[in-house]
Amino acid sequence: MLTVTSMSYRSILRDITFSLQKGEFVALIGPNGAGKSTLLQVAAGFLTPTAGTVQLADRPIRSYRAKQRAARIAYMPQTTVLDVPYTVSDIIHMGAYAHDHPDRAVIERSIARCNVEHLLHRDLRSLSGGERQRALLAKALVQKADYLLLDEPVSALDIQHQLEILTVLKSLSRDGQGLLVSIHHLEHVVTFADRVILLCDGQITADQTVRDVMTSRALCDAFAVDVAVFADPFTGEPRLSVAPQRKDERENRICTRIEEGSFR
Ligand SMILES: Nc1ncnc2c1ncn2[C@@H]1O[C@H](COP(=O)(O)OP(=O)(O)OP(=O)(O)O)[C@@H](O)[C@H]1O
């Protein structure tokens, strides 16, 4: 288990406590500047908290050597700036650094899952934003880590690739990996996540099931939008609709039209 306890980071994060278990798909949501990227970097061991602890399997995350940690946690940043002539193939194979013997089957499966076969010999710097994001995600998958901490991994993808990649991530969690994924598209959160951590102004304001958070007043307060969650009439799956909050509602801090759907 990855456990964050009473963690603060400078003035950006305050008193953060949560845990991530293998097999969970946890969505990290919150407004711009709430601290999601910073939280992921601290949880992944790349930033040292100014208070509190981050433990991985009952050991401080910072006590792991880089290679040991890479075998347990794969972290994908929101943006990656690389000004060296690596091909996509080079980058993806770097993910295998965490293990003494590269797992060919996992490398091939990750390449296929992220749909980057046709890009393998391209210079990473020449790719489009979405192509680059899929290549870097393939690298993270190749790490075969127990936990994946992914910062907006589908933000640059077209809708088909967003759904394909989120389906892949969901299947990884079903197969036993623990995922903490920052996502701005609330519809995707409803469809794919098991649990939601809502971060507002550096503090966790909700850490509950999708059903609890995505129909709660907290969501409206956090984003100042009008939210409706309902059961898809054809499939029964949860669906979410968002609209700008009406001015009078915003001033009165009234959150309207939150409907409990009959989804699972
Ligand atoms: N290196 C830094 N120095 C100073 N302030 C920083 C630094 N990194 C982040 N911040 C600030 O910390 C806050 C949280 O930033 P962070 O990137 O973690 O937010 P976020 O929730 O990921 O936002 P977004 O949704 O826009 O990606 C922001 O106000 C940001 O300006």
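Owing to the predicted nature of the structure, the values given are computational and were not obtained by experimental measurement. (Residues numbered from 1 in each chain as written. Predicted model: local features only at pLDDT ≥ 70, side-chain atom pairs only at ≥ 80, totals over all residues. Heavy atoms only, no water.)

A. Spatial organisation of the site of the ligand. Lining the immediate environment of the ligand, one finds Ile12, Pro31, Asn32, Gly33, Ala34, Gly35, Lys36, Ser37, Thr38, Gln78, Glu152 and His184. Contact between the ligand and Gly33: an oxygen atom at 2.9 Å from a main-chain N or O atom of the residue. Alone, the ligand offers 640 Å² of accessible surface; in the complex the protein occludes 52% of this. Partitioned by chemical class, the residues of the shell around the ligand number three nonpolar, seven polar and two charged. (Near = heavy atom within 4 Å. Polar contact = N/O pair within 3.5 Å; in protein donor to acceptor, adjacent residues only side chain to side chain. Areas by Shrake-Rupley, 256 points an atom, 1.4 Å probe, with all protein chains shown as cover. Nonpolar A, V, L, I, M, F, W, Y, C, P; charged D, E, K, R; others polar.)

B. Highlighting the nonpolar core. One finds Phe25, Ile29, Ile92, Leu169 and Met214 to be the most contacted residues of the largest nonpolar core, which totals 56 residues. Sorting elements by how many residues they give to this core places helix α5 (residues 129-142) first, with seven residues. Here this core spans two domains, since at least three of its residues come from each of domain 1 (25-207) and domain 2 (215-263). Residues within four places of Leu169 in sequence aside, it is in contact with Phe25, Leu141, Leu150, Pro153 and Leu179. Judged by nonpolar contacts, the second largest core, of 27 residues, contains Leu2, Phe18, Tyr147 and Leu149. (Core = buried A, V, L, I, M, F, W, Y, C linked by side-chain atoms within 4.5 Å. Buried < 20%, exposed > 50% of the residue type's maximum accessible area, 1.4 Å probe, protein only. Helix = DSSP H or I, 4+ residues; strand = E, 2+ residues; numbered from the N terminus. Domains from an automatic or database assignment. Contact = heavy atoms within 4.5 Å.)

C. Examining the pairing of strand β12 (residues 238-244) more closely. Two strands pair when backbone bridges link them, and strand β11 (residues 225-231) and β12 are joined in this way by seven bridges, in the antiparallel orientation. Bridge pairing links Ala231 to Pro238 in β12. Linkage of β11 to β12, two consecutive antiparallel strands, is achieved through a turn of six residues, within which Gly236 is found at a positive phi near 80°. (Pairing = 2+ DSSP bridges.)

D. Spatial organisation of the confidence of the model for the protein. For the protein, mean pLDDT is 89; residues scoring 70 or higher make up 92% of the total. Predicted confidence is poor over residues 253-264, with pLDDT under 50, and the contacts of this stretch with residues over four places away or in other chains come to 40 contacts. Interface predicted TM-score (ipTM) for the complex: 0.97; the corresponding pTM is 0.91. (pLDDT = per-residue confidence, 0-100.)

E. Structural detail: a nonpolar patch on the surface. A cluster of nonpolar side chains, contributed by Val84, Tyr86 and Met94, occupies part of the molecular surface with about 210 Å² of accessible area. Here Tyr86 shows up in the loop between β6 (73-76) and α3 (88-94). A residue is classified by how much of its surface remains accessible, and Tyr86, at 32% relative accessible area, is partly exposed. (Patch = residues over 30% accessible without salt bridge, like charges linked within 9 Å, V, L, I, M, F, W, Y side chains within 5 Å. Salt bridge = Lys/Arg side-chain N within 4 Å of Asp/Glu carboxyl O.)

F. Quick peek at the pattern of salt bridges. Scanning all chains against the criterion turns up eight salt bridges. The partner of Arg125 in a salt bridge is Asp123, with the nearest N and O atoms 2.8 Å apart. By relative accessible area, Arg125 is classed as partly exposed at 39%. Judged by its relative accessible area of 23%, Asp123 falls in the partly exposed class. Across the pair Arg239 and Asp232 runs a salt bridge, and its minimum N-O distance is 3.1 Å.

G. Here's a closer look at the sheet that holds strand β3 (residues 25-29). Pairing is mixed across the open sheet formed by six strands, whose spatial order is β6-β7-β8-β3-β9-β10. Strands with a single pairing partner mark the edges of an open sheet, and in this sheet they are β6 and β10 (203-209). Along the sheet, successive strands turn relative to each other by an average axial angle of 15°, direction set aside. Sheet topology places strand β7 (residues 147-151) next to strand β8 (residues 178-182); five bridges connect them, and they run parallel. Its bridge partner being in β8, Leu150 is matched across the sheet by Val181. Against the sheet, helix α6 (residues 159-174) contacts β3, β7 and β8, and its axis sits at roughly 130° relative to β3. (Axes fitted to C-alpha atoms, helices over the stretch in contact; angles between N-to-C directions.)

H. A look at the packing of helix α4 (residues 104-113) against α5. Where α4 meets α5, the closest approach of the two axes is 9 Å, and the angle between their N-to-C directions is 150°. Taken together, the axes of α4 and α5 lie roughly antiparallel to each other. Note that α4 runs across α5; the crossing there is right-handed. Contacts between α4 and α5 involve Val106, Ile107 and Ser110 on the former and, on the latter, Ala138, Leu141 and Val142. (Parallel < 35°, antiparallel > 145°, perpendicular 65-115°, else oblique. Left-handed = near helix turned anticlockwise from the far one by under 90°.)

I. Structural context of the packing of aromatic side chains. This model, assessed by the stated rule, comprises one aromatic pair. With a centroid separation of 5.2 Å and an interplanar angle of 40°, the aromatic rings of Phe46 and Tyr75 are classed as tilted. Highlighted residues: Phe46 in the loop between α1 (36-43) and β4 (51-56) and Tyr75 in strand β6, separated in sequence by 29 residues. Among the residues examined, Phe46 registers a relative accessible area of 46% and is labelled partly exposed. (Phe/Tyr/Trp six-rings, centres within 6.5 Å; stacked < 30°, edge-to-face > 60°.)

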